Every structure is written in structure tokens, then in C-alpha cells.
Amino acid sequence: MSANVPDQLLDVVCLLQTAARQNVQKPQFENLQEPEPVKAPLTRPLRDQYFEAVKFASKLRKGVHMETFNPIHQKCASYLINIFYGIPLHKLKEAVEYAQTQVNISLLNYALSVALLHRDDAVEANIQLPSHLTTEPGMYFDMENVKYDMLNSKANQVMPGEVPKRFVNMTNNFTATNLDPENKVAYFREDIGLNLHRRHWYEAYSFDAADYIVKKDRRGELFYYMHQQIQARYNFERFSNGLPRVEPFEDFRGLIKEAYFPKLNQTARSNLFSSRPANSKWDNLHRDIYYIKISTMERWRDRIFDAIDLGYANAIDPHTKNEIIKKIDDETGIDELANTVEAVESLSWNYQYYGNLHNRGHLFFGYVHDPDHRFQEESGVMATTETSMRDPVFYRWHAFIDNIFQHYKRTLPPYTIEQRQFKGIEIKDVKIRSQEPKPDNDNENEVDHHHVSNVLRTYWEYDAVDITQGLLSLNVNETNERIYAVFTHLQHREFEYEIKVENTLPHDVIGTVRIFLAPHADESGSQDTFNGQRRMFMEMDKFTAKLPAKEITNIKRKSIESSVTIPFEKTFMTLSDVQQLAKNDKKPNNEWNKTLNGYCGCGWPHHLLVGKGLPGKGLECDLFVMITNYEDDRVDESPLHQKCCDKASLSYCGVRNKKYPDKKPMGFPFDRAIPNLHATINDFMTEKQEDFERQKKEDPEMEIPGRLSNMIVVPVRVKHEDGHPKYGKTLKDAGFNEEIFV
């Protein structure tokens, strides 16, 4: 690979944050010599394919936002994704610059981001992508508020020669008051990092593009598991605010009691997102050139449930294209089902028969205020990926979608003791300790409450992100100042797990350590049943540990190392950060960390690793730790103990172009129910497990052990330290001056 490849790619990445130039010439593709073959050879002249893609994509008018779940918008994007993926690097910048003059900028940015995340040359060169927030900040907060604060705030005093900085206040940008109970969890739904996570996940897992981009190992299962975890985490926040868990949206003709008024405005585009009043109802959709009836949605739903109950699907053979009866097996069933529900056309059992339930449901909510476009209103936030999690109804819709997957999981047998135990391994103790330095204490008898074991602490924090480039591209205010948006978010004090494990075996082993957290009680305050609590367990971490023979090992693992999350700076990476990384890579003796590739930016935001909890005594929770045999879990192609991304989320995002690095079903052991409806998590780990009585009857000689020694539950409290937000690192690094802050 030539030395200038990273520079060429960086030039292309910079186009994500520039406005279209005037008088751009059409790119010349004649007599083009492709330097490297692409995965899908271009079957027709490159020039013809390029201009066809640009012409088709230009059907989406400029000045509107791309609706990811809109089939027309997504098809426009897929044309560009495929062509940007296949164009040789030395022509890519030229191709993108011309496309900018013809195509909706929101659509183009999405397509280019997807293509760059999947191009091998970009991956090998470790090219980063800046956060979508810095490209289109109006998708995450009200740009009118930014404009107002820019006019009414003072620039920071700086030294001669430094760039002036202005800080605008986004700290109170929630969309309602607590007269609406749902507003109590607006801090979670409207968290910028959370919505950036969903945007990035759909860039990594686009559902409409060529097969070499869409087809990924266990893609459907990952869709199911990532969204199931979102539901678990959202319900944790609801419990932290005195609200019950989410009520699924099951009656497609019923009232949508929740209202949502997004208050997002790009300034350059009026009415960016429409609002939804309370007690709205679905109606048949007739937007643009597509028409979808509620009865069609009901028919798709019923066919999917019928397939689960029957144990087979009316599928299309991928080779002959004929209809076949396909048995739904235990190993691939959840993956195929989720691809069908989402739906990924090329991966669905039968796209024409089972339809597009998940994506079209987003559109029914997104257009509920103007289903036939008679008022020419733009969509609501549910129609696109980076905004849909702001809406309370997102969680109701996905509670229903998750119920489909849980319905399937209930058809599977419960895990046997043999599947769950790890003989010879005993977890003797687990503690959580604060990583913050213990302050000097004059009174030795005084208790240091901040360093009590098994207490997780959360608080509010101010942070800042540079949105200058996004403002310039929208022509809001051309200035030489750096503009920082200051926002409030949930944060937690960093902590460390200490796990004491004994290996009584005569040989060394490697264990997979699985850590989950869930509220101990249900909405009524009673201890939750296992079947109720299992869907509340949030995965906190998953990693491997060596356990020497005949020894007790003290495993220590820091919260910042979680396999679930990515660091704050990766979530909010700016173009300046990307350029600095590229600059550092050229320094002598500096090996650029390959694990920082843009694909690895997919992950849960680290500041939301721990839910809010309660003030005072805190929210009582169960910390579940389990160790399984890595030899049973390992996937040789992408070993769990050799992370491809030091700063990436394996659990929610997998590994680029490799198999998911854990052979167990995602969410194991909480992905399956047990027959005993009254069993608790403690029963699940002991000989009281009535769900295994069937096995005992079949084999009376089988001994059911006591507590399975490779798992343990430890009581933990999550305490929230309410009060004035603390200043975060990014705010301090930006040179924030509190005196001039509005």
C-alpha cells in the first residue's frame, strides 16, 4: 500500500464535514486502471454505474433529512454505498465532491460513512470517522438554541494568537417538563452519546446494500441482542425514577398515549422533525410512492408468530429461488428470525411473505401525524436511526419486537446443568471497589462512604464537544471562533471488579468471565422472579482470565475495560481528533493503534455503563458473575481474549469481517426462560431448580448438584449523587471559563 493512502483517505473523510463546492467538474473514469480488485467486481463500466447511482440518489430532494427507515431513502443510499465502496481510492475524492453538488448531504454523508467503514483500504490505514454530531449537530439538539446562545454569550478570553472559543449551553435541552411522567427519563432517551451509538450501529450494520456489506456473522442475532439490552437498560432507568417497565405496543389499532415534541431545528431547514400529540393512532400509510396498510402489518406479525409456533418457516431457497419449508433450528433460529423481523431483504426467510415488520413499524410511528402527506409534513423522529431513541414510543415498539424474540426463545429447552456448570471452578467472592483515590481522613473512625465495597455511584456531569464544523457546513455563522456545545449527561465513578476464583483442577484453564447487573426487585418492591428478572439483566463486561491449576486467583478488572462500551472521546470524536491521530501516525517510532479503526467506534457510550440508581440508600441490585469454559466458548477466527479493538464494544457490535467472538448464544445464560414461574435467581443457581425436574425423571440416577460453583450473585447498590453537575474532562480540556458561561 502506497505511503499516501492514509492522506488520500483522510481527504475523503474531511468531505463528510464540508459544504459542496461550486463549479465541480464531472469525474473522468475513462480508461481507469483499478489498482486492486474489489469484492464485487464492477460488471458494467464504472462511469455508467457512478452516474446512475448519483442520478438515482438525487431523487431525495435537498434540504430534508434522510429517513433511514424510508425504503426510498434507503434505496438511494444503497446505490451510493455500493459505488463508494467499489471506486478505486485515487478516484474516490473526486467522485464524492461531484456527488455533493447533486445529492442530499445527509444521504451522502450516511452512504460515504457506511462505505468507509467497510472498505479494506480504510481499515488497513486505520482511518477514523468523526462523530456524526460534528457533521449534523441539529440531529441531536436544537440549533436555534445554539444560534441564540452564540448571539448572547461572550467568547472566552484567550492568549494572543489562540483561536477564540465560545461555549453554548445545551444543558436544559430536554423536551418536556415532569408534568409528563416520561420526561423523568428524558436524560437517557435524549442522551447524545446514546443516539450516536444507534447511528453508528446502523452504519456498521446497514440493512440495504450489497451482500458483502450486509451479510455478517450472526447479524440478526446481534440486532436482537443489542436491542434487548437497550430495553433492559431503559427499564433500569425507569426503575431509578419510580416508573414501571415499558408496556409493549401490541395493538396496532390502539391509541399511542405518549406524545413527543422533539424540538430539533437545523435553522437552515424548517420543521426538521414533526411532533406527535398524545393519543394518536396508526393509519394506512400513503407517502411518496409506497402504500402500506395496518392490515398488512398485522398479517406479517401473525405469519411470524405462526412460524415460531409451528417450528418451520415458508422460506425461499437462496440458490434455486423456490419456496421451501425450512425448519427453525436452535442454533441459527434467532439469527434468521431477527433478520426476517427487521427485515433484511437478502437475509429474510421470505421477504415477500413475512414483510418488513420492524422497519415499517418505525415509519407508522414516524408519519402518524400525516400518514397520507396531505399536509406535506416531514417525519417524526421515529423514521430515522439517530433520532428514534429520543421518543418514548421507541421503547414500546421494541418491547413488542423483543416479545417476538422471547416467544421464540421460550420454544427452546432450558439450559441443562451440564451446559451451565464449569466443574472444578468455584467463584468464592466478588467485590466492587471504587478506583478513585481514597482521601486523607483525620478521623480514623470516620467511615469513607465513597469507598464502601459493592456500591456503584452515579452523578451528573457537564461536558463539551466542538461543533464548529457542523455550523459552518450549515452556514449558520461563519466565524474564526471554535464553538463548543456544553451538555449534561449521566456519569459514574469508575470502579474495579475483584473476583476470587479457585481452580481445583490439576491443569490450568482459561475461563470466560460474564458479568451482568439487574434490579433485585420488581415494580411492586418484591424480589423479582428469574423469568421476570432475566430480561432486566444488563451485560456489564465479558472477558477471559487464566486460572492456574490448584490455585486461588484474584481477578481484577477495571470498569473502563468493559467489552460493552467505548470511551467518551471515541463517542464524540471530532474531525480535529481524526486529523491529530493521522498526524501522530507519521511520527518516528509511533505505531498507530490499529484498534482505533472507525468500525471499532461502534459501542455503548461508557458514561451510560451504569444506570442512574436512586439517591440515599440507592437501588438494590443483583450483580451476577459467571465463569464458563473458554474451550467451549472460543471461536478460533476471532478469539475473545485478543480484542481486535482496544476501544470497541465486542458485546454489542461484534468484530469486523470475523465471527462473533463467543460461541454461546448472546445473552447467555439469561436468553432462555425456565418452566418454574416462581423461581428466583438464587433458585436458578441451586438444587431447588424445579425446571430440571424433567431431566431427573428421565434419569432417576442423575445427581443434581447444589449451588453451581461457577456462578454467584452479590448484592450491589447503585446510588445517585444528585446536585449540581460536575465539570468533565472535555470541558476542562477545552479551556472552559465558568464566568462567561450563559
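Along each chain, the written sequence defines residue order, and numbers are assigned to residues from 1. Only residues with pLDDT of 70 or above have their local features reported here, since the model is predicted, and side-chain atom pairs are shown and tallied only from 80 upward, although totals for entire chains, interfaces and linings are computed over all residues. Each side-chain value is worked out from all heavy atoms of the structure, with water and hydrogens disregarded.

1. With respect to the confidence of the model for the protein
Interpreting fine coordinate detail is not advised for predicted regions of low pLDDT.
Here's step 1: Per residue, pLDDT measures the predictor's confidence, with a range of 0 to 100. Overall, the prediction assigns the protein a mean pLDDT of 86, with 85% of residues at 70 or greater.
Here's step 2: The criterion used for residue contact is that any of the two residues' heavy atoms lie within 4.5 Å. Ignoring residues within four places in sequence, the model shows residues 33-40, a span with pLDDT below 50, making 12 contacts including any to other chains.

2. Quick notes on the state of the cysteines
Here's step 1: Disulfide assignment relies on a single distance test, namely cysteine sulfur atoms paired within 2.5 Å. In the structure shown here, the tally under the stated rule is 1 disulfide.
Here's step 2: Here Cys-602 pairs with Cys-653 through a disulfide, and the sulfurs are 2.1 Å apart. As the torsion about the S-S bond is roughly -70°, the Cys-602-Cys-653 disulfide counts as left-handed. One end of the pair, Cys-602, is in the loop between helix H23 (575-585) and strand E16 (604-605); the other, Cys-653, is in helix H25 (residues 650-653), and 51 residues separate them in sequence. The two residues Cys-602 and Cys-653 agree in class, both being buried. Each helix corresponds to a stretch of at least 4 residues labelled H or I by DSSP, and each strand to a stretch of at least 2 residues labelled E; elements are numbered beginning at the N terminus. Partly exposed residues are those whose accessible area sits between 20% and 50% of the maximum for their type, while under 20% is buried and over 50% is exposed, using a 1.4 Å probe and protein chains only.

3. Some thoughts on the nonpolar core
Here's step 1: The set of buried Ala, Val, Leu, Ile, Met, Phe, Trp, Tyr and Cys residues whose side-chain atoms join them within 4.5 Å is what this entry labels a nonpolar core. Core analysis: the biggest nonpolar cluster contains 148 residues, and Tyr-50, Leu-80, Phe-84, Trp-282, Trp-397 and Phe-624 have the highest contact counts within it.
Here's step 2: Looking at this core element by element, the count peaks at 10 residues for helix H18 (residues 392-409).
Here's step 3: One finds Phe-236, Ile-499, Val-501 and Leu-623 within the second-largest nonpolar core, a separate group that totals 34 residues.

4. Examining unusual backbone geometry
Here's step 1: A cis amide bond links Glu-342 with the next residue in sequence, Ala-343, at an omega value of 5°.
Here's step 2: The residue Ala-343 is located in the loop between helix H14 (333-342) and helix H15 (351-354) in this model.
Here's step 3: For Lys-321, which is not glycine, the phi torsion reads 65° and is therefore positive.
Here's step 4: Mapped onto the fold, Lys-321 is located in the loop between strand E6 (312-316) and strand E7 (323-327).
Here's step 5: At Lys-550, a position not held by glycine, the phi torsion is positive, near 55°.
Here's step 6: Tracing the backbone through its elements, the reader meets Lys-550 in the loop between strand E13 (538-547) and strand E14 (551-558).

5. Points about the sheet that holds E14
Here's step 1: When DSSP finds two or more bridges between a pair of strands, those strands are recorded as paired. Taken in spatial order, the 3 strands of this open sheet run E8-E11-E14, and their pairing is antiparallel. Strand pairing shows two members of the sheet lacking a second neighbour, strand E8 (425-434) and E14, which therefore form its edges. Between one strand axis and the next, the sheet turns through 20° on average, direction left out of account. Lines fitted to the C-alpha atoms define the axes, with helices restricted to the stretch that makes contact. Angles between their N-to-C directions range from 0 to 180 degrees.

6. As for the sheet that holds strand E18 (residues 711-727)
Here's step 1: The strand order E1-E10-E9-E18-E17-E12-E13 describes an open sheet built from 7 strands, whose pairing is mixed. Of all strands in the sheet, those with a lone pairing partner are strand E1 (165-169) and E13, marking the two edges. Across this sheet, the average inter-strand angle for adjacent strands is 30°, counted without regard to direction.
Here's step 2: When strand E9 (residues 455-466) meets E18, the two strands line up parallel, connected through 7 bridges. Each residue of the ladder has a partner; that of Tyr-459, found in E18, is Glu-721.

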